[in-house]
Amino acid sequence: MFYSSTQRKFWTFSSEEELRKLRCQTNQNIRQKQEASGKDCSKLLTPDEELMVCQYYHNRLKEFCMKFQPPMPKSVLASASSYFKRVYLQNSVMEHHPKILMLTCVYMACKVEEFNVSITQFVNNIRARAEERERAVDIILNNELQLLQLLNFHLTVHNPIRPLEGFLIDMKTRHRSAEEVEKLRPKAEEYLDRSFLSDACLLFPPSQVALAALWHAGNETGMDILSYIKHCLSKGDGADHNMLLDQIKKVQEVVCHVAQLDAGLVEGVKAKLAAVGSVEVTSDSQGTKRKLGTDQPGRQGAKKKTKQPKTEQGAGGVLTLSSLEEGT
């Protein structure tokens, strides 16, 4: 199914260099728009700073999913991570603030993966005041259509969770005892969790990511995975065997590239992003453009005079800094 999917056709790329060029082009497009409107571009984020912001909020997305109640299936995290990666491959954080879209990505993934949770249950997982949760509901729902458009309505995500399960079942059937194989599961699943934060979903078929997770688990537990690949997965010739090992190595290199962020640098870049307020616009479900975090007509309009706590984007933001980053 993956090889005939929109994921392979539109969202699988040839190399990390191609991803870097796409992100640089996205940043350049923003600069050109600013220059065309006569605005100063010196304070705009660089491509590396945009990537740092994305990594920061991707970490927050993962934490939100891991602590969610009722517990989320890992497929929701996998799909939400893929959506987030896809959006900011060809869109800038200076146009669409990731603090808002990360929550919309997770809520969309809940629907696609058939994890039945209401919007009220969803926002209850954000530690915030009642009025902030009401506003979060409106913002998430108003951004759903925009997220669909940014994803080109490509919602199906083929993740490595099922291929990993398939490999484990196959090993139990043809290679080792069930008890031995199950020892691989914790380390393999831990590796997949790390892979969701990397660009692996944009570069490799899910089966190759799953095989890399199995290889990693074998190294961690001291179990020989090479013999399984050689006798059960290869077609009998050395070329096929070497090709699989080469792809495993490439996946491992990408997953290992997920670096720890420097907290001081991240805070500086977030402050810089907050200062670029004029670029941060989004469209609601009726197509009306507005700045993220501003009040809207209707039931929110009555609350305009209510004093709101200060947020990353200034007064009137959707969620307080503490509610989003400490409560997730």
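**Student:** Is there a simple way to think about the packing of aromatic side chains in this case?
**Tutor:** What characterises a pair of aromatic rings is the spacing of the ring centres plus the angle enclosed by the ring planes. Overall, the coordinates contain eight aromatic pairs when judged by the stated rule. With a centroid separation of 5.7 Å and 70° between ring planes, the pair formed by Phe64 and Phe68 is classed as edge-to-face. Like Phe68, Phe64 is buried. Centroid distance Phe68 to Phe115: 6.1 Å. Interplanar angle 70°. Geometry classified as edge-to-face. Note that Phe68 is positioned in the loop between helix 3 (47-66) and helix 4 (74-87) and Phe115 in the loop between helix 5 (98-112) and helix 6 (119-123), a separation of 47 residues in sequence. The pair formed by Phe68 and Phe115 is uniform in burial state, with each residue classed as buried. Pairwise contacts between aromatic rings join Phe64, Phe68, Tyr107, Phe115 and Phe122 into one cluster. Directly above the ring of Tyr56 sits Arg60, whose terminal nitrogen or CZ lies 4.8 Å from the centroid.

**Student:** Where do I start with the environment of Lys21 in this structure?
**Tutor:** When you line up the elements, Lys21 lands in helix 2 (residues 16-36). With 26 residues separating them in the primary sequence, Lys21 and Pro47 have C-alpha atoms 9.7 Å apart.

**Student:** Sorry if this is basic, but what is going on with the nonpolar core here?
**Tutor:** It is characteristic of soluble globular proteins that their nonpolar side chains tend to be buried jointly. One finds Leu61, Met72, Val106, Phe122 and Leu214 to be the most contacted residues of the largest nonpolar core, which totals 87 residues. Among the elements that take part in this core, helix 5 stands out by supplying nine residues, more than any other. Discounting residues that sit within four places of it in the chain, Met72 has contacts with Cys65, Val106, Cys110, Phe115 and Phe122.

**Student:** It is not clear to me how the environment of Asn29 should be interpreted in this structure. Could you clarify?
**Tutor:** Here Asn29 is to be found in helix 2. In sequence terms Asn29 and Ser92 are 63 residues apart; their C-alpha atoms lie 9.0 Å from each other.

**Student:** How should unusual backbone geometry be read in this particular structure?
**Tutor:** Glycine aside, residues mostly have negative phi, and peptide bonds are mostly found in the trans state. Across the junction of Gln69 and Pro70, the peptide omega takes the value 0°, indicating a cis bond. In this structure, Asn152 is a non-glycine residue whose phi angle is positive, near 55°. Position of Asn152 among the secondary structure elements: in the loop between helix 8 (144-150) and helix 9 (161-174). We classify Asn152 as partly exposed; its relative accessible area is 42%.

Rules and cut-offs
- Throughout this description, residue numbers start from 1 for each chain and increase along the sequence as written.
- Only residues with pLDDT of at least 70 get local features here, since the model is predicted, and only at 80 or more are side-chain atom pairs given and counted; chain-wide, interface and lining totals rely on the full set of residues.
- The basis for every side-chain value is the complete set of non-hydrogen atoms in the structure, without hydrogens or water.
- Aromatic rings from Phe, Tyr and Trp, taking only the six-membered ring of Trp, are treated as a pair when their centres fall within 6.5 Å; an angle between ring planes under 30 degrees marks them as stacked, one over 60 as edge-to-face, and anything in between as tilted.
- Three exposure classes are used, based on accessible area relative to the maximum for each residue type with a 1.4 Å probe and protein chains only: buried under 20%, partly exposed in between, and exposed over 50%.
- A run of H or I in DSSP counts as a helix once it spans at least four residues, and a run of E counts as a strand once it spans at least two, with each numbered from the N terminus.
- Distance and angle both matter: a charge sits over a ring if NZ of Lys or CZ of Arg is within 6 Å of the ring centre and within 35 degrees of the ring normal.
- Residues grouped as a nonpolar core are buried Ala, Val, Leu, Ile, Met, Phe, Trp, Tyr and Cys residues, joined through side-chain atoms within 4.5 Å.
- Contacts are assigned to residue pairs with any non-hydrogen atoms lying within 4.5 Å of each other.

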